[in-house]
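Results of the structural survey
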Amino acid sequence: MDTLTPNTGGPQPPNLQNPDPGPGWQRRFWAIFTGQALSLTGSALTQFVLLWWITDTTGSASALATAGMAALLPQALLGPLGGTFADRYSRRLIMIVADTISAACMLVLIFLFATGRIELWHVYTMMFVRSSMQAFQGPASAASSSMLVPNDFLPRAAGLNQSLLGVMTVAAAPLGALAISVMPLQGALLIDVFTALLGIVPLLIYRVPQIHTPKDQRLGVWNEFREGVALVWGHPGLRRLYGLLAVVVLAIMPTFTLTPLLVKEYFGGGAGQVALMEGLSGVGMIAGGLLVTALNPKRRIATVLIAFALSCLTVALTALAPANAFWLATVWWVISGATFIYGNAPMTAALQTIIPNQLQGRALSLLSTVMGLAAPVGLALVGPLGSAIGVRWVFVVAGVLATLASLAGFFSPTLMRLESTPLDGRKVTGSEELVGGDD
């Protein structure tokens, strides 16, 4: 394959920060994006099916909590390792292997369900393995995005990814419910196998460009992981952004878990009202992603802070709606989902712009880990707080605190200048090479 390396004489090397993807990038981007979208939607559908089976079989809140930990904790703990691998090895190959292993896990479950040998621990184990694969696939996919599109399309690509998150939120539950109503459970699980294959095929056809540090200059996995931590910690703007997001997630994330309790205790609603609220929130997320795709905001950090502040404020307003005005609470909840996505997409684009691509896997996975570990801390704190002041006022306090934390970002000059201080990857890692996607 062709290799492009920096040099000091003759024609200058391509921009290794965000190199031009070359002709035909639209076809390659849309093929890979569509494949990954179908794969993720199939995974979300399967997640609903498995959680419903656990609910229907055990009726146990602790069983569901265990399933939740199996589905989420590996991503938070293994994310930094997945990010290091995404920067060190072929991201394209990582995505293919992760999808393949996830599909294999599903085939194991299909066999166990079909033969009547299924046990609860089988489901937990397969959910754990699939979540572990997501810890590797997620950073590889996120870091690949900036190599598949031109720099000016990055915010739109991020907006499309956020819209996909909204589609999954809206579609997973009804599609999963429809699947198990018209076919046996193992048939519903087979959908995920087919969508995983649809995610793999474009990756087999198209190559994903990637910047690599030459093998003779690599530092070893542990040292490369430390390099990613040093990158974030040593950049004042990144350090403040990561810290701000940790505080926001710690404060606001427990409200998503407590939403059913708020609907039941304060608004006197049931499962239907919770489903309506969450479904419409997904619609809001789609709208927010499409809006940021269309508007392509230029002042990304300011957009992030304002949008997150509005999202958190409307969480508080949701609980401040009168008990007989569930419709108003739903409106605020939908606005919260839309504004969150409107802020999250520019943040992703900003990070992809300033962080050298050969370090993006590590930097983005560290952000996921910071937020993934902040959420359980918030959940641990909210228990006694809810007992003391009630679930409604937990929403209000959390929403106000997270709003203030978001607005506090405007008082940090280094954070506001984040986009104007990109890092030079060659100063961090030495010489790099731009390759077509494989080691």
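Thresholds applied
- Residues numbered from 1 in each chain as written.
- Predicted model: local features only at pLDDT ≥ 70, side-chain atom pairs only at ≥ 80, totals over all residues.
- Heavy atoms only, no water.
- Helix = DSSP H or I, 4+ residues; strand = E, 2+ residues; numbered from the N terminus.
- Contact = heavy atoms within 4.5 Å.
- Areas by Shrake-Rupley, 256 points an atom, 1.4 Å probe, with all protein chains shown as cover.
- Patch = residues over 30% accessible without salt bridge, like charges linked within 9 Å, V, L, I, M, F, W, Y side chains within 5 Å.
- Salt bridge = Lys/Arg side-chain N within 4 Å of Asp/Glu carboxyl O.
- Buried < 20%, exposed > 50% of the residue type's maximum accessible area, 1.4 Å probe, protein only.
- Core = buried A, V, L, I, M, F, W, Y, C linked by side-chain atoms within 4.5 Å.
- Phe/Tyr/Trp six-rings, centres within 6.5 Å; stacked < 30°, edge-to-face > 60°.
- Lys NZ or Arg CZ within 6 Å of the ring centre and 35° of its normal.
- pLDDT = per-residue confidence, 0-100.
- Expected span 1.5 Å × (residues − 1).
- Axes fitted to C-alpha atoms, helices over the stretch in contact; angles between N-to-C directions.
- Parallel < 35°, antiparallel > 145°, perpendicular 65-115°, else oblique.
- Left-handed = near helix turned anticlockwise from the far one by under 90°.
- Nonpolar A, V, L, I, M, F, W, Y, C, P; charged D, E, K, R; others polar.

Within the protein, the secondary structure is distributed over 15 helices and two strands. In the protein, 88% of the contacts between residues at least 6 apart in sequence involve partners at least 24 apart. Accessible surface for the protein amounts to roughly 18,800 Å². Of this, 70% is attributable to carbon and sulfur atoms.

On the surface, L320, L385, I389, W393, V397, V400, L401 and L404 cluster together to form a nonpolar patch covering roughly 650 Å² of accessible area. Secondary-structure elements contributing two or more residues to the nonpolar patch are α12 (357–389) and α13 (391–408). Here the nonpolar patch takes five residues from α13, the largest share from any one element. Mapping I389 onto the fold places it in helix α12. The exposure class of I389 is partly exposed, given its relative accessible area of 33%.

Per the counting criterion, the structure on display carries one salt bridge. The salt bridge involving D192 is made with R130; its shortest N-O contact spans 2.7 Å. Placement of the pair is D192 in helix α6 (residues 185–205) and R130 in helix α4 (residues 120–148), with a sequence separation of 62 residues. For the pair D192 and R130, one class covers both residues: buried.

In this structure, L238, L241, Y242, M347, L351, I355 and F395 are the most contacted members of the largest nonpolar core, which totals 45 residues. For this core, the secondary-structure elements that each account for two or more residues are α7 (221–234), α8 (236–265), α9 (271–295), α10 (300–320), α11 (326–354), α12 and α13. When residues in this core are grouped by element, the largest group, eleven residues, is from α8. The contact partners of M347, leaving out residues within four places of it in the chain, are L241, L245, V304, F308 and L367. One finds F29, M95, L148 and V208 within the second-largest nonpolar core, a separate group that totals 26 residues.

Moving on, we come to the packing of aromatic side chains. The final tally for this structure, using the stated rule, is ten aromatic pairs. Note on F85 and Y89: the rings are 5.2 Å apart at their centroids and 70° apart in plane angle, and the pair reads as edge-to-face. When its relative accessible area of 26% is taken as the criterion, F85 is described as partly exposed. An aromatic cluster is present here, built from F29, W30 and F33 joined pairwise through their rings. Across from the ring centre of W233, 5.1 Å away, lies the NZ or CZ of R239, which sits over that ring. The ring centre of W393 lies 5.2 Å from the NZ or CZ of R392, which sits over that ring.

A few words now on the confidence of the model for the protein. Taken as a whole, the protein shows an average pLDDT of 78; of its residues, 81% reach a score of 70 or greater. Of all secondary-structure elements in the protein, the lowest mean pLDDT belongs to helix α15 (residues 425–429), at 46, while α10 reaches the highest, 93. Between residues 1–16, whose pLDDT stays under 50, and residues either more than four places distant or in other chains, the model counts 29 contacts. Under a pLDDT of 50 for its full length, residues 425–435 has, in the predicted model, 53 contacts with residues more than four places off or in other chains.

To continue, consider α13. Under the 1.5 Å per step criterion, the end-to-end length of α13 is 26 Å for 18 residues, consistent within 8% with the ideal 26 Å. Buried within α13 are the following residues: V391, V394, F395, V396, A398, G399, A402, T403, A405 and S406.

Below, the discussion takes up the environment of A31. In this structure, A31 sits in helix α1 (residues 25–58). Considered as a pair, A31 and G199 are 168 residues apart in the sequence and their alpha carbons are 9.1 Å apart. In contact with A31, other than residues within four places in its own chain, are P202 and Y206.

Our next topic: the packing of α1 against α6. Remark: α1 packs on α6, axes separated minimally by 8 Å, with the N-to-C direction vectors making an angle of 160°. It follows that α1 is roughly antiparallel to α6 by the angle criterion. Where α1 crosses over α6, the handedness of that crossing is left-handed. Among the residues forming the contact of α1 with α6, the class breakdown is 15 nonpolar, eight polar and one charged.

Moving on to the packing of α10 against α11. Between α10 and α11, the shortest axis-to-axis distance is 7 Å and the interhelical angle comes to 155°. Taken together, the axes of α10 and α11 lie roughly antiparallel to each other. For the pair α10 and α11, the crossing hand works out as left-handed. Looking at side-chain class alone, the contact of α10 with α11 contains 17 nonpolar, nine polar and one charged residues.

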